[in-house]
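# Structural description and commentary
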Amino acid sequence: MLSAEQLEMYRRMTNAERLVFTLRRIREEWKYLTHGTPQVVARRFELLRRQNDERNRNLRVALSQQSKAP
């Protein structure tokens, strides 16, 4: 979870800066995601997929509610 200060810094970034930040974080964290037995790695990626699916579902609901508003 990001602190309020980190969120504010992220909000002030340009799209290009956000992309660079995201790609850097992926590169830094990849070794931790892929470390361990195949079963552990598979569980990590399944958890990430479930979390992403939930976020996408929430976004779709919010967007559909927003489009219905007068």
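Preceding this paragraph is the structure being described.
Note that the structure is predicted; figures quoted are calculated from it, not measured. (Residues numbered from 1 in each chain as written. Predicted model: local features only at pLDDT ≥ 70, side-chain atom pairs only at ≥ 80, totals over all residues. Heavy atoms only, no water.)

Moving on to the environment of Arg 18. Relative to the assigned elements, Arg 18 resides in helix H2 (residues 15-33). Residues contacting Arg 18, with those up to four places away along its chain left out, are Tyr 10, Arg 11 and Met 13. (Helix = DSSP H or I, 4+ residues; strand = E, 2+ residues; numbered from the N terminus. Contact = heavy atoms within 4.5 Å.)

Turning to the packing of aromatic side chains, a few remarks are in order. On inspection of all chains with the given rule, the structure shows two aromatic pairs. Between Trp 30 and Phe 45, the ring centres sit 5.7 Å apart and the planes meet at 65 degrees, which makes this aromatic pair edge-to-face. Residue Trp 30 is located in helix H2, and its partner Phe 45 is located in helix H3 (residues 38-68); the two are separated by 15 residues in the primary sequence. In this structure Trp 30 comes out as partly exposed when scored by relative accessible area, which is 45%. Of note, Arg 18 hangs over the ring of Tyr 10, and the distance from its end group to the ring centre comes to 5.6 Å. (Phe/Tyr/Trp six-rings, centres within 6.5 Å; stacked < 30°, edge-to-face > 60°. Buried < 20%, exposed > 50% of the residue type's maximum accessible area, 1.4 Å probe, protein only. Lys NZ or Arg CZ within 6 Å of the ring centre and 35° of its normal.)

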